[in-house]
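Now for the letters of each chain:
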Amino acid sequence: MTKTIWLATAAVSLLAVPVAAQTSPNPDSVAQVPVPTGPVQSAPAVDAAQRGVLVFEPAFFADSRPNTALDMISRLPGFGLDTGDTDTRGFAGAAGNVLIDGDRPSSKSDGLDQVLRRISAASVERIELIRGGAPGIDMQGLPVIANVVLRRTVTVERVLEFNSYLYPDGYVGPILAGEYSRREGDNSIEGSISATTDRTDGTGEGYRRRYDPSGALIQDADLILWDRFRNVRATGAVQRPFAGGRLRANALASWFGRENTQDLLIRSGAGIDSFNDEESDSLEGELGVTWTRDLSARTAVELVGLQRWSSEDYTGVSEGGGDTSTFTSDATAGETIGRAVLRFRPNDRWAFESGAEVAYNILDSATAYEENGVAIPLPSASVKVEELRGEAFGQATWRPDAKLTLEAGLRVEVSEISQSGDSDQTKSFVYPKPRLQMTWTPWTGHQFRFRAERQVGQLDFDDFVASADIDIGQVEGGNPDLEPDKTTLLEAVYERRFWGEGVLELSAQHGEVEDVVDLIPLTGGFDGVGNIGDGSFDQYQVRLTLPMDRLGVPNARLQTRASWVSTEVTDPLTGETRRFQGNQAFGCGVNFNHDLQGGKYSYGFDHGCNVDKGRAFRVREVRAFHNAPFVTLYGQWKPTSDTTIRVDLGNATDRESGYDRDIYAGPRDVSPLAYREVRRTKMSPWLFVQLRKNF
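Residues numbered from 1 in each chain as written. Predicted model: local features only at pLDDT ≥ 70, side-chain atom pairs only at ≥ 80, totals over all residues. Heavy atoms only, no water.

On to the packing of aromatic side chains. The full count for this structure, using the stated rule, is 19 aromatic pairs. Taking 5.9 Å as the distance between ring centres and 25 degrees as the angle between the ring planes, the aromatic pair formed by F592 and F605 counts as stacked. Of this pair, F592 sits in strand β30 (residues 586–596) while F605 sits in strand β31 (residues 601–608), and the two are 13 residues apart along the sequence. Given a relative accessible area of 12%, F592 falls into the buried group. (Phe/Tyr/Trp six-rings, centres within 6.5 Å; stacked < 30°, edge-to-face > 60°. Helix = DSSP H or I, 4+ residues; strand = E, 2+ residues; numbered from the N terminus. Buried < 20%, exposed > 50% of the residue type's maximum accessible area, 1.4 Å probe, protein only.)

So, about the pattern of salt bridges. Within this structure, the stated rule accounts for 50 salt bridges. Here K433 ties to E413 by a salt bridge, and the two come within 3.0 Å at their closest N and O atoms. Of the two residues, K433 sits in strand β19 (residues 425–443) while E413 sits in strand β18 (residues 404–421), which places them 20 residues apart along the sequence. Residues K433 and E413 agree in their burial class; the two are buried. Through salt bridges with shared partners, a single network forms among R131, R449, E495, R497, E505 and R543. (Salt bridge = Lys/Arg side-chain N within 4 Å of Asp/Glu carboxyl O.)

A word on the state of the cysteines. The final tally for this structure, using the stated rule, is one disulfide. At a sulfur-sulfur separation of 2.0 Å, the disulfide partner of C588 is C609. Of the two residues, C588 is situated in strand β30 and C609 in the loop between β31 and β32 (615–617); the sequence distance between them amounts to 21 residues. With respect to burial, C588 and C609 carry one shared label: buried. (Disulfide = S-S within 2.5 Å.)

Okay, empty space enclosed by the protein next. Under the definition given, this model contains seven cavities of 30 Å³ or more. The volume enclosed by the second largest cavity comes to roughly 480 Å³. Along the wall of the second largest cavity there are 30 residues; nearest its centre are I100, P105, S188, Q239 and R248. Taken together, the elements giving at least two residues each to the lining of the second largest cavity come down to β8 (187–198), β10 (217–242), β11 (245–269) and β12 (274–294). (1 Å grid on protein atoms, 1.4 Å probe; cavity = no way out; pocket = protein on both sides within 12 Å on 5 of 7 lines; lining within 4 Å. Points joined across faces, edges and corners; volume = space filled by probe spheres on them.)

In this section: the pairing of strand β33 (residues 621–627). With three bridges joining them, β32 and β33 adopt antiparallel strand pairing. Residue pairing for β33: F617 is matched across the bridge by V622. Pairing of β33 with strand β36 (residues 656–664) involves seven bridges; the strand directions are antiparallel. Paired with F625 across the two strands is Y659, which belongs to β36. (Pairing = 2+ DSSP bridges.)

Our focus in this paragraph is the nonpolar core. One finds I73, L76, L116 and I127 to be the most contacted residues of the largest nonpolar core, which totals 24 residues. For this core, the elements supplying multiple residues, two or more each, are β2 (53–56), α2 (69–74), β3 (98–100), α3 (112–117), β4 (124–131) and β5 (144–150). When sequence neighbours within four positions are dropped, the list of residues in contact with L76 reads F56, F61, I127, L129, A146 and R557. Counting 15 residues, the second largest nonpolar core, distinct from the first, contains I417, F464, V465 and L519. (Core = buried A, V, L, I, M, F, W, Y, C linked by side-chain atoms within 4.5 Å. Contact = heavy atoms within 4.5 Å.)

Keep in mind that low pLDDT regions are not for reading the predicted coordinates in detail. The pLDDT averaged across the protein chain works out to 86; a share of 89% of its residues lies at or above 70. pLDDT under 50 marks residues 1–42. Its contacts with residues more than four places away, or in other chains, come to 90 contacts. (pLDDT = per-residue confidence, 0-100.)

What follows covers unusual backbone geometry. Non-glycine residue N372 carries a positive phi angle of around 55 degrees. Residue position: N372 is located in the loop between β15 (350–371) and β16 (374–375). Judged by relative accessible area, N372 falls into the partly exposed class, the value being 44%. For N651, which is not glycine, the phi torsion reads 50 degrees and is therefore positive. Within the element layout of this structure, N651 appears in the loop between β35 (643–650) and β36.

Further remarks concern the side chain of T643. By the element assignment, T643 lies in strand β35. Of the residues examined, T643 reaches a relative accessible area of 11% and is grouped as buried. Polar contacts involving the side chain of T643 include one to the side chain of D642, which spans 3.2 Å. A polar contact of 3.2 Å, which involves the side chain of T643, links it to the side chain of K693. Excluding its chain neighbours within four sequence positions, the residues that come into contact with T643 are W637, K638, L691, R692 and K693. (Polar contact = N/O pair within 3.5 Å; in protein donor to acceptor, adjacent residues only side chain to side chain.)

A cluster of nonpolar residues, F162, L176, L596, Y601, Y603, W637, I645 and L691, forms a patch on the protein surface that exposes about 690 Å² of accessible area. Here L176 is to be found in strand β7 (residues 172–184). (Patch = residues over 30% accessible without salt bridge, like charges linked within 9 Å, V, L, I, M, F, W, Y side chains within 5 Å. Areas by Shrake-Rupley, 256 points an atom, 1.4 Å probe, with all protein chains shown as cover.)

So, about the pairing of strand β20 (residues 446–456). The sheet contact formed by β19 and β20 spans seven bridges and is antiparallel. When the sheet's bridge partners are listed, Q437 is paired in β20 with R451. Turn length for the β19-β20 hairpin, with the two strands adjacent in sequence and antiparallel, is two residues, and the turn residue G445 shows positive phi of about 95 degrees. In the sheet, β20 pairs with strand β23 (residues 486–498) via eleven bridges, with the strands oriented antiparallel. The residue of β23 that forms the bridge with R451 is E491.

What follows deals with the side chain of T545. Residue position: T545 is located in strand β27 (residues 535–547). Relative accessible area serves as the criterion here: at 4%, T545 is assigned to the buried category. Setting aside anything within four residues of it in sequence, one finds T545 in contact with P77, G78, F498, E501, G502, V503, R557, L558 and Q559.

What follows concerns the environment of Q307. Along the polypeptide, Q307 turns up in strand β13 (residues 299–320). Take Q307: its relative accessible area is 37%, and that puts it in the partly exposed class. C-alpha separation for the pair Q307 and Y360, spaced 53 residues apart in sequence, amounts to 9.8 Å. Discounting residues that sit within four places of it in the chain, Q307 has contacts with G285, E286, L287, E335 and T336. A polar atom in the side chain of Q307 sits 3.1 Å from the backbone oxygen of E335. Polar side-chain contacts of Q307 include one of 2.6 Å to the side chain of T336.

A cluster of like negative charges, contributed by D82, D85, D87, E279, D281, E312, D313, D330, D364, D460 and D462, occupies part of the molecular surface. For the negative patch, the secondary structure elements donating two or more residues are β12 and β13. You can see D364 is positioned in strand β15. Its relative accessible area of 40% is what places D364 among the partly exposed residues. (Lys, Arg positive; Asp, Glu negative; His and termini not counted. Charge placed at Lys NZ, Arg CZ, Asp CG, Glu CD.)

Rendered as structure tokens:
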């Protein structure tokens, strides 16, 4: 850690080092940014007209020999991939921070990382890092976007991968995958299929120990965890010219099955052995269509249609001392989205965007719980939730000069959520969501970003329905009386680029949150998700990307991150001020990679040095999560340009995970502590072996 601090200090002392770049015009650029004429291995090109746009050509990545666009994105200095949130209802809110030819991928269920993985590095013309906006680019409401610009020439890619996880006990988890793509201008076709069977950190051994309030051991038990999952996934997409524009259609189908068990064996103290078994199967499908067209040189339209569907069956059984409890769940969900966007850029200083989105969402879920064959009533055990949601939006971007960009936008969300079944009610919401952002680049290599925004969370439909944690014998009731949280957010970011690839980023956020979503007591003695009042948070983060060429290690890069978060909310039971549910007050990470012989060999490590994991506050329990820091090492060899062999050593430190539980005799505001429980398990280290072949 001392060495990391020294390196960070060294970078700070170099803040005055200028970033040199050579540029020339390039009329083919989607963002109208120039292509560098000089070497770019040491620094990206900077758009002279828009200092917020940096251009990274393939030569910049040459020393790492990337296979895919995802490999190139991972090497962008000072950029972290955000794949978006596929669980977010609606299309706009699920966006990640990477565009392809100026447009976001048309699929919602297919992760952004998977889309980028199917684009070969040979297909990439350049990558533009856009900070604060650029003409013709939809920033998705984000301050920084990476735009992957593809070559217009014919590229054909055929890839086969055989990957496998290897464990010390001899278990092998294979992954087979195949991909095909062909691109020529606006024409493209691509497809992929993969099959996996493996296990997770749900397999391992450990212990569960209970202590009385004085700290004396009253029970010691062994834990034996086992799990397996299987997954088959297929995707496809076609893009063709249509009606004067581009039409892209995509489809996805996936099946996922999982089983996990837990054996609890009492070694000392009162108690009985128990066995838990959980099984689930889920199906998922998606069909999406996106049509874009330039109506004029400065006006464009985009239409999106999307249909998603999923189903899941779950059964959890717990047995012990002759007693049996069973929890079952059967859920079907669907989403239908229609979206239209109109973009207008009257000149190089102004850009406008407006549009609307309508979505229909549904969750039909039935749950049941019984003990020794006797049904136990649950709050909201069987519920059908439907949502009709619309959003109208507009924004304007003004660039008075090359140093300054101002963006103002307003989204107005209107929704109606109705519930039927065990609970019948309808709620309507109207939420305006204004946003203001300023990006100022006073000198090359220095940028300031300021943002003020009103954000509205989304209600999780699963919280309307009862659920269970069979492994600890806990059942939660559903709560139909929920409102989304609302946040007023203020953010300031300073970014300093140095040494070509070096980036130092300092950021601060403050948020005022209304209707914080947490756990509350429900009828029948159950916990459930509910609103607990207003709260606030402050977050500070430092991120450093340090090229190590000048420190005597050529083609090596060190990345570090540290964040501090302070949150406050009033506990609904005790009335005392505490953190948000699960809030992690401190987090950090260190990543190092080194390329040798022009990328023929590479090695590195990733270390998550987090030490504080936050707490969960229930009616009768306070749970503190525990995850020891992790270390992953890797080595990679590319014997030929179309073959990659990689080996990862994961969980190298054989870290412990689990939690500490303070369990009370009743509601914790009025009841004494009954006992403390400490649970720890270890998964064991593993090897990941990858063989990738391009044809």
